[in-house]
Every structure is written in structure tokens, then in C-alpha cells.
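# Chain and residue survey
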Amino acid sequence: MKLSEVKKLHQKKFRTQFGFYLVEGEHLVLELINVAQHDSSTLGDITLYVTAEYEAWVKERLPASKAAMKVEGVRIETLSSQQMQQLSDTKSPQGIIARVPLPNSTLYSERSQTSISANKSSAEKYIYLYEVQDPGNLGTILRTLAWFGDFTLLLSPNSVDPYNSKVVRSSMGAIFHVNMELNVALESLSERFERFAFLDMNGDNITSDTFGDYQCYLFGNEARGVPADALSKLNATAYTIAGSGTIDSLNLASAVNICAYELTR
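Thresholds applied
As a convention, each chain's residues are numbered from 1 in the sequence order in which they are written. Where local features are concerned, this predicted model is filtered to residues with pLDDT of at least 70; where side-chain atom pairs are given and counted, the filter is 80 or more; whole-chain, interface and lining totals use all residues. To obtain the side-chain values, all non-hydrogen atoms of the structure were used and water was disregarded. Only protein atoms enter the 1 Å grid used here, on which a cavity is any set of points holding a 1.4 Å probe that cannot leave and a pocket is any open set flanked by protein within 12 Å on both sides along at least five of seven lines; residues with an atom within 4 Å of a point are listed as lining. Grid points are joined across faces, edges and corners, and a volume is the space filled by probe spheres set on the points. Each residue gets one of three labels, nonpolar for Ala, Val, Leu, Ile, Met, Phe, Trp, Tyr, Cys and Pro, charged for Asp, Glu, Lys and Arg, and polar for the others, Gly among them. Segments assigned H or I by DSSP are reported as helices when at least four residues long, segments assigned E as strands when at least two residues long, and all are numbered from the N terminus. For each residue, the accessible area found with a 1.4 Å probe, counting protein chains only, is set against the maximum for its type, and the residue is called buried under 20%, exposed over 50%, and partly exposed in between. In these notes, a set of buried Ala, Val, Leu, Ile, Met, Phe, Trp, Tyr and Cys residues joined through side-chain atoms within 4.5 Å is what counts as a nonpolar core. Between the first and last residue of a helix there are one fewer steps than residues, each counted as 1.5 Å, and that sum is the expected span. Working definition: the arc comes from the directions between the helix axis and the C-beta atoms, pointing outward to the latter. Any two residues whose heavy atoms approach within 4.5 Å at even a single point are treated as in contact. For two strands to be treated as a pair, DSSP must find at least two bridges joining them. Note on geometry: axes are lines fitted to C-alpha atoms, helical ones only across the stretch in contact, with angles between N-to-C directions running from 0 to 180 degrees.

Moving on, we come to empty space enclosed by the protein. Overall, the coordinates contain two cavities of 30 Å³ or more when judged by the stated rule. Estimated volume of the second largest cavity: approximately 30 Å³. In this structure, the second largest cavity is lined by His-10, Leu-22, Val-23, Glu-24, Ser-165, Val-168 and Arg-169. A class-by-class count of the residues in the lining of the second largest cavity yields three nonpolar, two polar and two charged.

Quick look at the structure:
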């Protein structure tokens, strides 16, 4: 790809068109290389764009990785500081960006599997996010699910793209370790699961022994929640996270974090 095309990967329509997304920063690129060491077949061709200052950093790590784990197809292109500034979407780029293939060619089709985790396993629980909009929320949720493991994340249509650069950065590499399915319609869930739970101010406490008995846990849009008619059709059971009553809502990511902890403790 030409550098002018790589710049366009900050937009979802071009990620879809070209089949790549961007991973920026030393920490994320190092995590990417670590994942590729174990499962290079899921990554395909990776291109690292680096400034001269990062050439030595990359070469110290990449040859060892390729020799030990046979990571193939990793190319390095050196950019000027000005080119890196143009390619980055941060004010002060570190000087290293990876162009990474989207996990599969059907990324945006319903129920597409997008995990590139080195240690895939069949998930015990499913977390469904309905039209989540905030990249920071989604990135934090990915970090939580990666930490606890054994979760699959389902994203509805009209959710923020998980390969948005803000989501990738805020996930701190967790995006490489969580099984995801994108564009999963809310009305399709009844074809896959029999029992659902969701959060509501008037539900049973999540510390109840029954909270772990469900297959799919529903979390709604930051402002609107999950549509009430859909919850009724799914016969979803309400639970609540008990609080002091000082305020009437929790941040979405915080709610998922607390529930994930409760489901795995």
C-alpha cells in the first residue's frame, strides 16, 4: 500500500476496503509481535512503519522472533519524522506504527469471528454490547475480558468499530486476546441462547447465586440502554449492582467490569 492509502486506515470504510488496521506505539506493537510469535497464521503480512530512532529497537526484537517462532511476512519501512506525524493520529507519535491485517475477510459480516488470541478457548460466557459508542468504554471492556478470560464479546450493528485507533490504544493490547463477533443483531440472539441477564435498578443483586446461570449478558448503549421490547421478547432476567443510592447509574465499562469479576470469582 502507498503511504497515502495507509493514512486512510484511520477511517472505517477504508479499513473495510483495504482489510487492514493500524496499531500504534511501542507497547502495542510489542504485544502484537508477542502474539505473532505464537500464531503468525492469523496475522498474515504485517508492515512496521518506524522512524530511524526505532529501527534498532525493532531489529533487536524481530530477528529473534522470526528465528525462534517463524514469524513470516513482517516488513519494516523507515519513515521521516514528518511522514510519521502525518501517518499518526496522536499529537506526539512515538515513531512506530504497524499495519495489521483485519483478522478475516468477513470482519463486518454477522457473527464474524475476529479473535487473534494465541490461546483461544471456547467461551463460557457471552457479553453482548448494544450500540456502544464510546471508544474508551469498549477498550476498557476488552481489557477486562482479556484479564479474566473465557468470555466472547458480541457487538451489535451501529457499535463503535473495535479497530478504531482509539479503541485499539485504550485496549492496551487486549484486542489481540478477546474473541469477538461483530454486527450481531439483537433479534438474532434468541437463535443462539436460551437464557439472558441484564442490569436494572430493580433487579436481584448480582451477588445472587443465580447470576452465573445465564449464557448471555446484555449491556446497552451508554445513553439508552437495551430496548425494553427486546428485553421482553428475550425474557431476560434483571439484576442490579447494589450501590449507595447517591447516583442513579454506573459507567458502562465499570458495570461490565464488576459483572465480569462476579462471574469469575
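Mapped onto the secondary structure, Arg-15 falls in helix H2 (residues 12-18). Accessibility expressed as a relative area gives 3% for Arg-15, which makes it buried.

Turning our attention to the layout of surface pockets. Estimated volume of the second largest pocket: approximately 230 Å³. Along the wall of the second largest pocket there are 14 residues; nearest its centre are Leu-186, Glu-187, Ala-230, Lys-233 and Leu-234. Classifying every residue of the lining of the second largest pocket gives eight nonpolar, two polar and four charged.

Counting residues in each nonpolar core, the largest one holds 52 residues, and the members touching the most others are Val-23, Leu-48, Ile-127, Leu-129, Leu-142 and Leu-153. Looking at this core, the element that brings in the most residues is helix H9 (residues 252-264), giving six residues. Core analysis: the second largest hydrophobic core is formed by 17 residues, Val-184, Leu-218, Val-226 and Ala-230 among them.

Before going further, it helps to spend a moment on helix H3 (residues 26-38). Given a rise of 1.5 Å per residue, 13 residues ought to cover 18 Å, and the 19 Å separating the end C-alpha atoms of H3 matches this to within 8%. Three or more residues of H3 are buried, namely Leu-28, Val-29, Leu-32, Ile-33, Val-35 and Ala-36. Take H3 and look down its axis: the buried residues cluster within an arc of 160°, on one side only.

Residue placement: Val-23 occurs in strand E1 (residues 20-24). Judged by relative accessible area, which is 0%, Val-23 ranks as buried. Separated by 73 residues in the primary sequence, Val-23 and Ile-96 place their C-alpha atoms 8.7 Å from one another. The contacts of Val-23, once residues within four sequence positions are left out, are Leu-28, Val-29, Ile-96, Ile-97, Ala-98, Val-100, Val-168 and Phe-176.

A word on the sheet that holds strand E4 (residues 96-101). Strands pair in a sheet through their backbones, by hydrogen bonds, and they do so in one of two ways: parallel or antiparallel. The mixed open sheet is built from four strands, whose spatial order is E1-E4-E2-E3. Strand pairing shows two members of the sheet lacking a second neighbour, E1 and strand E3 (74-78), which therefore form its edges. The mean angle between the axes of side-by-side strands here comes to 20°, regardless of whether they run parallel or antiparallel. Here strand E2 (residues 46-50) pairs with E4 via four bridges, running antiparallel. Note on E4: the bridge partner recorded for Leu-48 is Ala-98. Against the sheet, H3 makes contact with E1, E2 and E4, and its axis sits at roughly 40° relative to E4, the strand it touches most.

Next up on the list: the environment of Phe-196. Counting through the fold element by element, Phe-196 comes out in strand E9 (residues 196-205). Residue classification places Phe-196 among the buried residues on the basis of a relative accessible area of 2%. Once the C-alpha coordinates of Phe-196 and Tyr-126 are considered, the two residues, 70 residues apart in sequence, prove to be 9.7 Å apart. Each residue touching Phe-196, except ones within four places of it in the same chain, is listed here: Leu-189, Ser-190, Tyr-214, Cys-216, Leu-218, Leu-234, Ala-236 and Thr-237.

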